[in-house]
Amino acid sequence: MQKRIIYGIDIASGSPRARELPRYALAILRDGEISHFNMLRRQKIFNMIQKDRPEIIAVDNIFELAADRSELLSLMERMPEGVRLVQVTGGLHPEPLVRIARKHGISVDPENPNDEAEACAKLADLGVGHEVSLFEDITKIKVSRARSLGRGGWSQNRYRRKVHGAVLQRSREIENALKDLSREKGIRFEAVNVKGFGGYVRSEFTVYAKRGEVPIHSMASNDAQVSVRSVERDKIRYVPLKPRIQRRKFTIVGLDPGTTVGIAILSLDGDLLYLKSFRGISPDEVVKLIAEYGKPAVIASDVTPMPGSVEKIRRSFNAVPASPGIEVSAEEKIALGKTFGYSNDHERDALTAALLTYRSYKNIFSRIEKKAPENADIELIKLHVIRGDSIEAAIEKVRAASEAREKAPRVRAQEKPDEKVDESLLKLKEVVQRQGEQIQNLQEYVEELKQALVAKDRKISKLESRLKGFKKEAYSEVRKSKELQIRDSTIENLKKELSNKNKTVKELRRRSNKLRKIQKMEIRGEGTPVKVIAAFTKESIAETKEKYGLKAGDVVFLEKPSGGGAATAQILVEAKVRAVIIPEDISHAAEETFFKGDVPVLRDIQLERADDFAMAEPEALKTAIAAWEKEADKRRQKAKEDELQSLFDEYRSERRRGLI
């Protein structure tokens, strides 16, 4: 089953209307679990959207994603099918995000973009907000020529007939597909065809359905192309979301108490719903978190007896307690949790408690699923069995409760005053009985707390007496040791900082001297500066560009030219370098790219090296470039002659076959 994914986005810095590209905070909600990403570019988020295909993209203002309506339309056209954009603060008259979040019990720090992004995702998950609709339920499909017909020639009519025939064929294929769609789903469409020599010049189809419902996609071939686009609305439309209602299910919860609390939550089917650990979390927060994932039927611990903190949480839910009864070894815990995965020992122990409990009920649950009548509430039957009923008694209880709900209106209409009194008395007895049980449970819990308090007081008294003995001797020593530690740590940090700064200054001074030397030689005309690139890779080119710059007219030397291809060569072509010097051969693809970009590739040029820089004799460089250009002109002329000869041979062949 695919997880429900919702993206919450909030702007973190910059603005779509500013020169600097904005950065965003992203919160991804996957079936109730939040993950955060900070300071992302918009393109990075859209790449993630293409991969995850979330159900909803939630924002507090749609114009944080785009500067204006036109840019917003462009972004929405790039969205995968089925992804909805939702403004959680409302439609035409939005409210502040903080106010809406508080209404739904979500705390937000308005200064924290991560908090706001998370709030957007959670509100959308609850069905709060308005879907942003930019397009009508109309799709336009256009089929046209993929190339120009040109000025004409001997074979112009034959070429025109071929292209128009391709447009005609593609149009008929699309029309047949739309007819099938119309028959199956009743979707209406209209077609307009413009005839031409030998076929159609173009065809336009108007389909009265959303783009996602139309099984036609944009494409292009040698002769015909298909364009599919949605028709945009005159005004942005805001459609309210429907609230999402979920039935709270029964769960099995495993807890590992302590300074760091591990929490594992399983469904009664054995599926892992939640697994995480928190440092310094309060019992109230644990209770609130557990309640978000359902109603605990069992709360378990991996040790016996159950710790008091776990018992307190169990009583909050009136859940059934569970523990293994024996000590579970670390090897067994690792084997149990291996399938699900965990981050630390606390999560492992909580998961062990939940899994062992589920395993103890697994066979009973299987028998319940086999014996339960059709349409019976199996989860409720499982709950009654967990609380001590037999399978038959649990099934009977659920059946009786279901029948009582169905007959209640009819019985109330017929019952007499005496029957009403009897029913009221029964209800009061049940209430009194439940309260008596609750009072008894609380009294037992109070006694347990008193015993625990006495034990803790004894332990505290012993520890205080021991502490007094150590305090006098250790106090001065500890204080002195702490001060020395702080001082030594400060000195060490300052030394590291000074060392790093000295290295930085030294490196900057070395680079400055090199650049100054090269600049002087260039001014005096003693040589032409050459920038050395260590390897013919994108990374080395980027490193040279960052350190020393790479501008139009520069001459570069590829120290290791092997390994680079057309894409790497294109970077230097786009940088408009004057020439590329190589000590050995480069790949054919790279050389071809340099040739097409009119960048001379020179060999056997004498260089005077100075680390990352070199100098070339100006006249020798000029002569080599001239020789390359002369050879390049010959190569281009030869290519033109070969192309003309090929056309002439093709024409003669067609004449011989009587095609012309």
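Residues numbered from 1 in each chain as written. Predicted model: local features only at pLDDT ≥ 70, side-chain atom pairs only at ≥ 80, totals over all residues. Heavy atoms only, no water.

**Q** What should I look at first to understand the sheet that holds strand β12 (residues 260-267) in this one?
**A** Two strands in a sheet stick together by hydrogen bonds in their backbones, pointing the same way (parallel) or opposite ways (antiparallel). One open sheet holds the five strands; their spatial order is β13-β12-β11-β14-β15, and the pairing between them is mixed. The open sheet is flanked by β13 (272-279) and β15 (320-322), the only strands paired with a single partner. Geometrically, the sheet is characterised by an average inter-axis angle of 25° between neighbouring strands, direction not taken into account. One ladder, built from five bridges, connects strand β11 (residues 250-256) with strand β14 (residues 295-300); its direction is parallel. (Pairing = 2+ DSSP bridges. Helix = DSSP H or I, 4+ residues; strand = E, 2+ residues; numbered from the N terminus. Axes fitted to C-alpha atoms, helices over the stretch in contact; angles between N-to-C directions.)

**Q** Just to check I follow, could you spell out the pairing of strand β4 (residues 56-59) for this structure?
**A** The two faces of the sheet receive side chains in turn, since in a regular strand these alternate between them. Burial along β4 is two-sided: the residues Ile56 and Ala58 and Ile57 and Val59 are all buried. Pairing geometry for strand β1 (residues 5-13) and β4, over three bridges, is parallel. When the bridges of β4 are listed, Gly8 appears paired with Ala58. With helix α2 (residues 69-77) bridging β4 and its parallel neighbour strand β5 (residues 84-87), the resulting β-α-β unit is right-handed. (Buried < 20%, exposed > 50% of the residue type's maximum accessible area, 1.4 Å probe, protein only. Right-handed = clockwise from strand over helix to strand, strands pointing away.)

**Q** I tried to follow a positive patch on the surface on my own but got confused; where do I start?
**A** There is a patch of like positive charges on the surface, built from Lys140, Lys142, Arg145, Arg202 and Arg229. The element best represented in the positive patch is strand β6 (residues 130-145), accounting for three residues. Within the fold, Arg145 resides in strand β6. The class of Arg145 is partly exposed, set by a relative accessible area of 31%. (Patch = residues over 30% accessible without salt bridge, like charges linked within 9 Å, V, L, I, M, F, W, Y side chains within 5 Å. Areas by Shrake-Rupley, 256 points an atom, 1.4 Å probe, with all protein chains shown as cover. Salt bridge = Lys/Arg side-chain N within 4 Å of Asp/Glu carboxyl O. Lys, Arg positive; Asp, Glu negative; His and termini not counted. Charge placed at Lys NZ, Arg CZ, Asp CG, Glu CD.)

**Q** Sorry, what's going on with the nonpolar core here?
**A** In terms of nonpolar packing, the biggest core is built from 35 residues, with Val530, Leu572, Val580, Ile581, Phe594, Leu602 and Leu607 touching the most fellow members. Among the secondary structure elements, those contributing two or more residues to this core are β16 (528-533), β17 (555-558), α14 (566-574), β18 (579-581), α15 (588-596), β19 (601-602), β21 (613-616) and α16 (618-656). A total of five residues in this core trace back to one element, the largest contributor, which is α16. (Core = buried A, V, L, I, M, F, W, Y, C linked by side-chain atoms within 4.5 Å.)

**Q** Would you take a moment to explain the pattern of salt bridges for this structure?
**A** When the charged atoms of two side chains lie near each other, side chains of opposite charge can form a pair. By the definition in use, this model includes 36 salt bridges. Close ionic contact of Lys382 with Asp269 constitutes a salt bridge, the shortest N to O distance being 3.4 Å. Taken together, the residues Lys382 in helix α10 (residues 378-386) and Asp269 in the loop between β12 and β13 connect sequence positions 113 residues apart. Residues Glu396 and Arg399 are paired through a salt bridge, measuring 2.1 Å at the closest nitrogen-oxygen approach. Separated by three residues within a single helix, Glu396 and Arg399 lie in helix α11 (residues 391-414), roughly one turn from each other.

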